[in-house]
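# Observations on chain architecture
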Amino acid sequence: LSASEVLRRMLPEGLEVPSAFEMVGHIAHLNLREEHLPFKSLIGQVILDKNRKVIRTVVNKVGQIESEFRVFAMEVIAGEEDFETEVKQGGLTFTLDFSKVYWNSRLST
């Protein structure tokens, strides 16, 4: 079963299944909605379990982005508390601390 299928079976009926997340190296970054917060540990663990080969840390954004550098507060909801990761893009490898650096591969061109 996929992560979405597992969550569909485990979350309360009628609750939308969160399925999208951003990958930053070994970190899965979620933006959970308010209604998902009571289930954040379960959601994080399922995502971790279903993606163990590539994900070691699952985080959820906490609060709003308030810095000109777009960094945000986050909480670990599953896995290791390890924010230093490597990202490969354009033939280059970047090592960064995701808790201190904004990274979004979807904004690259």
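Residues numbered from 1 in each chain as written. Predicted model: local features only at pLDDT ≥ 70, side-chain atom pairs only at ≥ 80, totals over all residues. Heavy atoms only, no water.

## Observations concerning the packing of helix 1 (residues 3–10) against helix 2 (residues 40–50)
Remark: helix 1 packs on helix 2, axes separated minimally by 9 Å, with the N-to-C direction vectors making an angle of 150°. Classified by the interaxial angle, the pair formed by helix 1 and helix 2 is roughly antiparallel. Handedness of the crossing formed by helix 1 with helix 2: right-handed. In this structure, helix 1 contributes Ala 3, Val 6, Leu 7 and Met 10 to the contact, and helix 2 contributes Leu 42, Ile 43, Val 46 and Lys 50. Looking at the contact of helix 1 with helix 2 residue by residue, the classes come out as seven nonpolar, no polar and one charged. (Axes fitted to C-alpha atoms, helices over the stretch in contact; angles between N-to-C directions. Helix = DSSP H or I, 4+ residues; strand = E, 2+ residues; numbered from the N terminus. Parallel < 35°, antiparallel > 145°, perpendicular 65-115°, else oblique. Left-handed = near helix turned anticlockwise from the far one by under 90°. Contact = heavy atoms within 4.5 Å. Nonpolar A, V, L, I, M, F, W, Y, C, P; charged D, E, K, R; others polar.)

## Some details on the pairing of strand 3 (residues 57–62)
Side-chain positions along a regular strand alternate between the two faces of the sheet. Inspection of the sheet shows strand 2 (residues 27–30) paired to strand 3 by four bridges, in the parallel sense. If you follow His 29 over to strand 3, its bridge partner there is Val 59. Since strand 2 and strand 3 lie parallel, the crossover through helix 2 that links them has a hand, and here it is right-handed. Taken together, the six bridges between strand 3 and strand 4 (residues 73–79) define a ladder with antiparallel strand orientation. Note that in strand 4 the partner of Val 59 across the bridge is Val 76. (Pairing = 2+ DSSP bridges. Right-handed = clockwise from strand over helix to strand, strands pointing away.)

## Topic: helix 1
All of the buried residues along helix 1 are Ala 3, Val 6 and Leu 7. With its buried residues spanning 95° around the axis, helix 1 presents them on a single face. In helix 1, the exposed positions angled more than 90 degrees off the buried face are occupied by Arg 8 and Arg 9. Taken together, the buried residues of helix 1 touch helix 2. (Buried < 20%, exposed > 50% of the residue type's maximum accessible area, 1.4 Å probe, protein only. Arc of directions from axis to C-beta.)

## Thoughts on the environment of Ala 73
Note on placement: Ala 73 falls in strand 4. For Ala 73, a relative accessible area of 46% puts it in the partly exposed group. Once the C-alpha coordinates of Ala 73 and Ser 99 are considered, the two residues, 26 residues apart in sequence, prove to be 7.4 Å apart. With near-sequence residues (within four places) excluded, Ala 73 lies in contact with Asn 60, Lys 61 and Val 62.

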